[in-house]
Amino acid sequence: MVQNDSNAKKYQQLIEDKKNLETLVNIKTKELADINKKLKNEITERKLIEAKFRDRVTAVQLVLRDITERKQVEDSLAREVSFRTTLIEALPYPTMVINKDRIVIFANKVARDVGAKIGGICWHDFGRSDYISEKDKEYINQHKTIKGLCSHCTFCLADKALAELKTCIAPEVKAFGRIFETYWIPISDNLYLHYALDITEKKQTEKQLLSSLNEKVILLREIHHRVKNNMQVIVSLLRIHSRRVKDVNLRKVFEECRDRVNAMSLIHELLYQSEDLSQIDFKIYLKKLCRNLCGAYETLNKNVILTVKQCSVKLGIDQSVAIGMVITELASNAFKHAFPTGKKGTVEISLFELDEKSVQLVIRDDGKGMPPEIDIMNAQSLGLQLSVATVISELGGSIKMERNKGTQFTICFKHRKVESKFLPK
Ligand SMILES: Nc1ncnc2c1ncn2[C@@H]1O[C@H](COP(=O)(O)OP(=O)(O)O)[C@@H](O)[C@H]1O
Ligand SMILES: [Mg+2]
């Protein structure tokens, strides 16, 4: 009985061990099957690689590299490119990136709407649009097959922009009934940004402004003309009255007034004739003034020669009137007082820039000389008084008189420079 029990136990143990063994075999078999499957895959891949590189590949090496940073750079570059593209796309005027062979690399919507084709040749695709003149369109149609380097558009400045690597602008290109300002901006020596700004409204405003400015210039000229005419009427009246006046002193007063008004009238005459309404070329003025003075004092003494020795100054209207008055007074004084009884003589006038800031006027005659009792700074007579006052108060300058083989006046004053305004006639 005891024997039977022990056998039964052993049998039971054997069954138990067999079970455990089977479980273990199953686990290992599964593991082997998995390994087998992996190996099979690797062998297939290896066969594929070997088939691809047969005759060349002797070894296949697997290298693992950390490309995290490269990936980040690539991502940020991609973001940058997409940002720029979005920017160009959003611009409200036709904008393209073009290479030097005129292939359009990128064109925004506005550009595409007027004919640009990405990948196409710029001037071919625009050949259909109003951008190109009829003559150029004809040329383009005949040469459709020519690719690259040919930019036939007569206004195109792309080559210049790429050669000199600087922005080039065509200030006026007409298309679609509008006016464009067209830009070529080099991005590299092979690529440029090409865009056009619609400046139609700006041009219209400019035109309106110019025409209104023209009207004003015409008006201003007209005013100077009328002032000159009115002054000439006064000059004639003074001349007529002076001839009728018997009193010598009174006649002198009329004559002096005539000369003064005449000197002013000349300035208005020059102004309405000149292109620049803001300043006077004093050389022309002086010549005219001298001719008038010679004419006026011819009967008194025709042996006096009045010359402009040097004159290279442009003066504003105020300074011109003031200095014109002074010259009239001092030159007519020379005619009247320096050469008594028809004596021969010369009067010379020079007006020049002493330096950048000041102007000098010299009036000299070789006559009898100023009487010794006359001190120009305390002159009792009106002519000299007015001249000195004009130089000091109106011109803010200085006046010096010298008695040296005649009389010489040297006047210095600050040059009040006026910005030259050349206006249409
Ligand atoms: N260039 C000159 N040469 C000689 N004397 C002159 C000259 N200029 C002026 N004078 C003298 O100075 C005086 C004063 O001149 P001015 O004040 O112009 O008065 P007016 O000319 O009315 O006599 C003149 O009367 C003349 O005697
Ligand atoms: Mg006088």
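Residues numbered from 1 in each chain as written. Chains lettered and ligands numbered in written order. Predicted model: local features only at pLDDT ≥ 70, side-chain atom pairs only at ≥ 80, totals over all residues. Heavy atoms only, no water.

Observations concerning the pairing of strand β3 (residues 168-175)
So, step 1. Relative to strand β4 (residues 178-186), β3 runs antiparallel, the two sharing 6 bridges. In the strand pairing of β4, alanine 175 is matched with arginine 178.
So, step 2. As consecutive antiparallel partners, β3 and β4 are separated by 2 residues, and within that stretch phenylalanine 176 has a phi angle of approximately 55°, a positive value. (Pairing = 2+ DSSP bridges. Helix = DSSP H or I, 4+ residues; strand = E, 2+ residues; numbered from the N terminus.)

Quick word on the packing of aromatic side chains
So, step 1. Applying the stated criterion across every chain yields a total of 5 aromatic pairs.
So, step 2. A centroid spacing of 4.9 Å and a plane angle of 50° characterise the contact between phenylalanine 282 and tyrosine 285, whose relative ring orientation is tilted. One end of the pair is phenylalanine 282 and the other is tyrosine 285, both in helix α9 (residues 282-297) and 3 residues apart, which spans about a single turn.
So, step 3. Look at tyrosine 297 and phenylalanine 335: their rings are 5.4 Å apart centre to centre, the planes differ by 15°, and that puts the pair in the stacked class. Of the two residues, tyrosine 297 is situated in helix α9 and phenylalanine 335 in helix α10 (residues 317-338); the sequence distance between them amounts to 38 residues. Considered together, tyrosine 297 and phenylalanine 335 belong to a single accessibility category, that of buried residues. (Phe/Tyr/Trp six-rings, centres within 6.5 Å; stacked < 30°, edge-to-face > 60°. Buried < 20%, exposed > 50% of the residue type's maximum accessible area, 1.4 Å probe, protein only.)

Topic: the site of ligand 1
So, step 1. Around ligand 1 sit 16 residues, and of these Glu329, Asn333, His337, Ser381 and Leu384 come closest.
So, step 2. Note that an oxygen atom of ligand 1 is positioned 2.9 Å from one of the side-chain N or O atoms of glutamate 329.
So, step 3. The contact in question runs from an oxygen atom of ligand 1 to an N or O atom on the backbone of glycine 383, over 3.4 Å.
So, step 4. Contact with the protein chains hides 87% of the accessible area of ligand 1, taken as 530 Å² for the molecule alone.
So, step 5. Those elements that place two or more of their residues in the shell around ligand 1 are α8 (248-273), α10 and α11 (382-394).
So, step 6. Looking at which element gives the most residues to the shell around ligand 1, the answer is α10, with 5 residues.
So, step 7. Residues belonging to the shell around ligand 1 are distributed by class as follows: 6 nonpolar, 6 polar and 4 charged. (Near = heavy atom within 4 Å. Polar contact = N/O pair within 3.5 Å; in protein donor to acceptor, adjacent residues only side chain to side chain. Areas by Shrake-Rupley, 256 points an atom, 1.4 Å probe, with all protein chains shown as cover. Nonpolar A, V, L, I, M, F, W, Y, C, P; charged D, E, K, R; others polar.)

Some thoughts on α9
So, step 1. Given a rise of 1.5 Å per residue, 16 residues ought to cover 22 Å, and the 22 Å separating the end C-alpha atoms of α9 matches this to within 8%.
So, step 2. Those residues of α9 not exposed but buried are Phe282, Tyr285, Leu286, Lys288, Leu289, Cys290, Leu293 and Tyr297.
So, step 3. Considering only its buried residues, α9 is in contact with α8, β6 (279-281), β7 (304-311), β8 (314-316), α10 and β9 (345-353). (Expected span 1.5 Å × (residues − 1). Contact = heavy atoms within 4.5 Å.)

Comments concerning the domain arrangement of the chain
How big an interface is tends to be expressed through the accessible area that disappears when the partners come together.
So, step 1. In terms of domain boundaries, the chain breaks down into domain 1 (12-60), domain 2 (91-198) and domain 3 (204-414).
So, step 2. Taking the mean C-alpha position of each, domain 2 and domain 3 sit 61 Å from one another. (Domains from an automatic or database assignment.)

Brief notes about the pairing of strand β5 (residues 191-198)
So, step 1. Sheet topology places strand β1 (residues 95-99) next to β5; 5 bridges connect them, and they run antiparallel. Note that in β5 the partner of methionine 96 across the bridge is histidine 194.
So, step 2. Bridging between β4 and β5 involves 7 bridges; their strand directions are antiparallel. Its bridge partner lying in β5, phenylalanine 180 is registered against aspartate 198.
So, step 3. From the end of β4 to the start of β5, which pair antiparallel, there are 4 residues.

Here's the deal with the packing of helix α7 (residues 200-244) against α8
So, step 1. Between α7 and α8, the least distance of the axes is 8 Å, while the angle of their chain directions is 160°. On the basis of the axis angle, α7 is roughly antiparallel to α8. Crossing of α7 over α8 shows left-handed handedness.
So, step 2. A breakdown of the residues in the contact of α7 with α8 according to their chemical character gives 11 nonpolar, 8 polar and 7 charged. (Axes fitted to C-alpha atoms, helices over the stretch in contact; angles between N-to-C directions. Parallel < 35°, antiparallel > 145°, perpendicular 65-115°, else oblique. Left-handed = near helix turned anticlockwise from the far one by under 90°.)

Some remarks on the coordination of the magnesium ion (ligand 2)
So, step 1. Those protein atoms acting as donors to the magnesium ion (ligand 2) are Glu329 (OE) and Asn333 (OD1), and they sit at 2.2 Å. With glutamate 329 and asparagine 333 both in helix α10 and 4 residues apart, this pair spans about one turn of that helix. Each member of the pair, glutamate 329 as well as asparagine 333, is classed as buried. (Donors = N, O, S within 2.8 Å, 3.2 Å for Na, K, Ca; no water.)

Concerning a nonpolar patch on the surface
So, step 1. Taken together, the side chains of Ile35, Leu39 and Ile43 define a hydrophobic patch exposed on the protein surface, amounting to about 270 Å² of accessible area.
So, step 2. For isoleucine 35, the location among the structural elements is in helix α1 (residues 2-52).
So, step 3. Exposure remark for isoleucine 35: the relative accessible area of 48% places this residue in the partly exposed category. (Patch = residues over 30% accessible without salt bridge, like charges linked within 9 Å, V, L, I, M, F, W, Y side chains within 5 Å. Salt bridge = Lys/Arg side-chain N within 4 Å of Asp/Glu carboxyl O.)

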